[in-house]
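# Per-entry structural report
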Amino acid sequence: MNKDHKYEAIVIGAGMSGSYAAKELCDKGIKTLLLERGRDVRHLQDYPTAVKQPWEFDLRGNMPLADREANPIAASCYAYREDNEHFFIKDDHHPYIQDKPFQWIRGYQTGGKSIMWARQTQRWSEYDFQGPARDGYAVDWPIRYADLAPWYSEVERFVGITGNRDGVDTVPDGEFLPAWGATVVHDYFANVVKKHYKNRHVIFGRCAHISKPNDIHIQQGRGQCLNRTECERGCPFGGYFNANGSTIPWALKTGNLDLRPFSVVHSIIYDKETGKASGVRVIDANTMEATEYFADVIFLNAGAINSAAILLNSKSYRFPDGLGNDSGLLGKYMAFHNYRATISATVDGFKDKKMIGRLPTGGYVPRFRNVYRQETDFLRGYAAGFDTRRSLRAFPDAECWGEDLRENILGHKPELGPWTVGSHMMGETIPKEESYVKLDDKQVDKWGIPLIRISMDYDDNDEKMIKDYHEQFTDMFEKAGFVDIKTNDNGRIPGNDIHEMGGVRMGRDPKTSVLNKWNQLHACDNVYVTDGACMTSTSTQNPSLTYMAFAARAANHAVEMLKKSEI
Amino acid sequence: MDRRSAIRNLTVAAAGTLLWAGCREQYVNVLSLYNSGSLNLDQKHKTYLNQISDTFLPLRDLADGIERPADFIIRMINKMQAPEQVLKFAQGFEAYKELMKGAQLDINTSDPRVALAIVKELIAENPPLDNLLGFVHTVRGYSIWNLKSSEHYMTQYQEYAMVPPPFNGNAPV
């Protein structure tokens, strides 16, 4: 064994959750290797468009047709634009097989998708963890909200989350920085909903932005969010959380972290003598050179699908079907979020009010269906975004030409149009055994690793949920007096929500799950999985905050176990 | 006076001030500048396209903070349109040149109002959308986009600032 390749911990994947695990391990003095299959994106230096003005982009933010045609998967993502396409994986660079249509949006670099994420950070509640057991789908979560709550708090304090203490039990309050103010229409709608509905709430979305930096943020070199809303380019002020400007440099500063980009993990090495994982096999993304690194504990945070795939590819005499796969469920029970339904309307009023400035977040309607009891003909429920705006009216008149056209555009300042509102559904989907990630028997990628096959789809439950969302929000909008209400099913393909989860699910019973309550493989307890792969169910909240809380909790557990020599 | 008479009068007035045969520019066919889905205009055609854009949306006096429209239009056409659309644009451009030539107009020296009157007449006849009409609408549309996405318009008219003022969702109009 190359002693230079021996660490106490290896973390696979330098994205949202892996970087948080690395930060926690390094803080506790654990010598850690952080592996990333993509390039190193350094905070500030590698945000080439961060301060470019809109008019400085050749295509004004749009992607060329040839690029969109060559990358229909990446181009399907709302955030894939001229100003940040360099953070997305091009379709043909890392191919996979869609047994059913699946738009897998990826960002292979240090920081992963934390550079381009939507930054919404609502906590899960007790109702979410109780859900599978109460409603008889998936398996019971091996933990409850109280197990994760302190770790939510720790992550929130470090990351910086703005929000109001709303006292809503479906999205518990946390360690919040001051929230920005809402619009007059948001407040109006919130009051209408409060008046007409029991247990429905319209709150302001908690988000990973620093509205007022605390010492911990200043220590990270991060400052106040300036509401530029150019977040997906990378923020030169560190105003929003990404791993590049926060957890990774923090971990590096401890002196305990080695960061190795361009490291494609082939598999995890299992030592039959010790019954533990002993290291990882890595292929250099550029030179194709194979290397092995060794550690006492391994954190797998490659992203839900890749984490499941790495375990499936980690075959040994003891685990012929993949590391930890005694149950045969590895790669199964995948799920995602249903973002297909939207609604919009016009507000007939508040014409004496307007918005000044911009906001990096918006309204949020926590789940209200089937929370306290089963009340519909579908399982579970949905949360929803809720946005309000008053935009400038579009000009010019289609008939104008020449001086008339010029006058129409430049003869006056653009006029305010009416207030408009919009909402999008964020529905829970049910994990099913037939929703899977698996490895192809024959085809391999350029590093010799089997291609990943993905299959998941909507079902009747999702269709009913869309219908209910449209009905309920139409009702709420009508009660608010909104007009010109339009509902839409955008037909989004699974994966486009960028919230794929499961495949290495947690549970109490090794026969029906892969991970235990500490995110350890039941059958190989020095391997922890704390990204989206660990999720037993999906609930409705944007999941990144929960992944980081899991990573923090599991990392601290691993440190305890290492100190006791129990793993 | 009807539209046709107006155009005729404008044309006569414009022609009367010019020596047509001596000053008309010689242009290659635009289609010769099309290659494999890309239109690479020579300087003469760029100037011509700038003139057309300025005819549809006169901005020549506002050069600061607005990109020259021909550069923007051709870049958008080449990058954002399918090869067959680029070809149609080139064909439309050539048809536009022919239209002006038929009216004995020199784009560099004639009163732009004359060219505009011809274009408006063309649109008023409500013909099927052919390459010529498509060209006209495309140039107009991209000219507007070029203006509205310019530094000049965004800062002077939309009050855009990369760092906006503090948010107020309840500000008086």
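Everything that follows concerns the structure shown earlier in this document.
This text gives an overview of the structure that appears in the document.

### Remarks on the overall build of chain A
- A count of helical and extended segments in chain A gives 12 helices and 23 strands.
- Expected size for 567 residues packed as a compact globule is a radius of gyration near 24 Å; at 24 Å, chain A falls within 12% of this value.
- Projected onto its principal axes, the C-alpha positions of chain A cover 80 × 55 × 50 Å.
- Evaluated residue by residue, chain A yields a buried proportion of 62% over its 567 residues.
- Taking as baseline every contact in chain A between residues at least 6 positions apart, the subset at least 24 positions apart corresponds to 72%.
- Split by element, the accessible area of chain A, about 21,000 Å² in all, is 48% carbon and sulfur.
- In chain A, 70 positive and 76 negative side-chain charges are present, and the distance between their average locations comes to 3 Å.

### Quick look at the packing of helix H6 (residues 112–124) of chain B against helix H7 (residues 131–148) of chain B
All names here are of chain B.
- The interhelical angle for the contact between H6 and H7, taken along N-to-C directions, is 120°, at an axis separation of 11 Å. Here H7 runs oblique to H6, going by the angle between their axes. Note on packing geometry: the crossing formed by H6 with H7 is left-handed. Here Val119, Leu122 and Ile123 of H6 lie close against H7, whose contacting residues are Leu132, Leu133, Val136 and His137.
- Per-class residue counts for the contact of H6 with H7 are six nonpolar, one polar and no charged.

### A word on the pairing of strand S2 (residues 32–35) of chain A
Residue and element names in this part refer to chain A.
- Here S2 shows a buried face lined by Thr32 and Leu34 and a second buried face lined by Leu33 and Leu35.
- The pairing of strand S1 (residues 6–12) with S2 spans four bridges and is parallel. Residue pairing across strands places Ile10 opposite Leu33, the latter belonging to S2.
- Read from S1 through helix H1 (residues 16–27) to S2, the crossover connection turns out right-handed.
- In the sheet, S2 pairs with strand S7 (residues 257–260) via four bridges, with the strands oriented parallel.

### Section: the interface of chain A and chain B
- Listed by partner, the interface residues are 53 residues for chain A and 51 residues for chain B.
- Summing both partners gives a buried area of about 4,200 Å² for chain A against chain B, and 63% of it is carried by carbon and sulfur.
- At the surface where chain A touches chain B, the tally comes to two salt bridges.
- Close ionic contact of Glu67 of chain B with Arg60 of chain A constitutes a salt bridge, the shortest N to O distance being 3.3 Å.
- On the surface where chain A and chain B come into contact, there are 17 residue pairs in polar contact (both at pLDDT 80 or more).

### Let's talk about the sheet that holds strand S19 (residues 450–455) of chain A
All names here are of chain A.
- The three strands are arranged S3-S19-S18 in an open sheet whose pairing can be described as mixed. If you trace the sheet from one side to the other, it starts and ends with strand S3 (97–98) and strand S18 (436–444), each paired once.
- Here S3 pairs with S19 via two bridges, running parallel. Residue pairing for S19: Ile97 is matched across the bridge by Arg453.
- With respect to the sheet, helix H9 (residues 304–312) is in contact with S18 and S19, its orientation differing from that of S18 by roughly 55°.

### Digging into the nonpolar core
- The biggest cluster of nonpolar side chains holds 117 residues, and the ones touching the most others in it are Ile12, Ile268, Val280, Phe299 and Val504 of chain A.
- Contact partners of Val504 of chain A, with chain neighbours within four places excluded, come to Ala308, Leu311, Leu330, Val514, Leu515, Leu521, Val529, Ala533 and Cys534 of chain A.
- Ranked by size, the runner-up nonpolar core spans 38 residues in total, among them Leu39, Ala90, Tyr96 and Val119 of chain B.

### Looking at a nonpolar patch on the surface
- Together, Leu226 and Phe237 of chain A together with Val163 of chain B make up an exposed nonpolar region whose accessible area comes to about 220 Å².
- Among the secondary structure elements, Leu226 of chain A is positioned in the loop between helix H7 (215–219) and helix H8 (247–253).
- We classify Leu226 of chain A as partly exposed; its relative accessible area is 30%.

### As for helix H5 (residues 83–102) of chain B
Residue and element names in this part refer to chain B.
- Under the 1.5 Å per step criterion, the end-to-end length of H5 is 28 Å for 20 residues, consistent within 8% with the ideal 28 Å.
- Of all the residues in H5, the buried ones are Val86, Phe89, Ala90, Gly92, Phe93, Glu94, Tyr96, Lys97 and Met100.
- Where H5 terminates, the next one or two residues include Gln104, which has phi positive at roughly 60°.

### What to know about the environment of Gln374 of chain A
All names here are of chain A.
- Structurally, Gln374 is set in the loop between strand S15 (363–365) and strand S16 (382–392).
- Overall, Gln374 belongs to the partly exposed group, its relative accessible area being 37%.
- In this structure the C-alpha to C-alpha distance between Gln374 and Arg134, which are 240 residues apart in sequence, comes to 9.5 Å.
- With near-sequence residues (within four places) excluded, Gln374 lies in contact with Arg134, Asp135 and Leu379.
- A polar contact is formed between the side chain of Gln374 and the backbone oxygen of Thr376, at a distance of 2.9 Å.
- Of note is the side chain of Gln374, whose polar atom sits 2.7 Å from the backbone oxygen of Phe378.

### What to know about the pattern of salt bridges
Residues and elements named next belong to chain A.
- By the definition in use, this model includes 46 salt bridges over all chains.
- Close ionic contact of Arg453 with Asp99 constitutes a salt bridge, the shortest N to O distance being 2.8 Å. Taken together, the positions of Arg453 in strand S19 and Asp99 in the loop between S3 and helix H4 (126–135) put the pair 354 residues apart, joining distant regions of the chain.
- The exposure class of Arg453 is partly exposed, given its relative accessible area of 21%.

### As for unusual backbone geometry
Residues and elements named next belong to chain A.
- Residues other than glycine seldom take positive phi values, yet Arg119 does so here, at roughly 70°.
- Its place among the elements puts Arg119 in the loop between S3 and H4.
- Take Arg119: its relative accessible area is 7%, and that puts it in the buried class.
- With a phi close to 55°, Asp484 is a non-glycine residue in the positive phi region.
- You can see Asp484 is positioned in strand S20 (residues 483–489).

Here is what the cut-offs are and how they apply
- Residues numbered from 1 in each chain as written.
- Chains lettered and ligands numbered in written order.
- Predicted model: local features only at pLDDT ≥ 70, side-chain atom pairs only at ≥ 80, totals over all residues.
- Heavy atoms only, no water.
- Helix = DSSP H or I, 4+ residues; strand = E, 2+ residues; numbered from the N terminus.
- Rg over C-alpha atoms; globule rule 2.2 N^0.38 Å.
- Buried < 20%, exposed > 50% of the residue type's maximum accessible area, 1.4 Å probe, protein only.
- Contact = heavy atoms within 4.5 Å.
- Areas by Shrake-Rupley, 256 points an atom, 1.4 Å probe, with all protein chains shown as cover.
- Lys, Arg positive; Asp, Glu negative; His and termini not counted.
- Charge placed at Lys NZ, Arg CZ, Asp CG, Glu CD.
- Axes fitted to C-alpha atoms, helices over the stretch in contact; angles between N-to-C directions.
- Parallel < 35°, antiparallel > 145°, perpendicular 65-115°, else oblique.
- Left-handed = near helix turned anticlockwise from the far one by under 90°.
- Nonpolar A, V, L, I, M, F, W, Y, C, P; charged D, E, K, R; others polar.
- Pairing = 2+ DSSP bridges.
- Right-handed = clockwise from strand over helix to strand, strands pointing away.
- Buried area = accessible area lost by both parts, 1.4 Å probe.
- Salt bridge = Lys/Arg side-chain N within 4 Å of Asp/Glu carboxyl O.
- Polar contact = N/O pair within 3.5 Å; in protein donor to acceptor, adjacent residues only side chain to side chain.
- Core = buried A, V, L, I, M, F, W, Y, C linked by side-chain atoms within 4.5 Å.
- Patch = residues over 30% accessible without salt bridge, like charges linked within 9 Å, V, L, I, M, F, W, Y side chains within 5 Å.
- Expected span 1.5 Å × (residues − 1).

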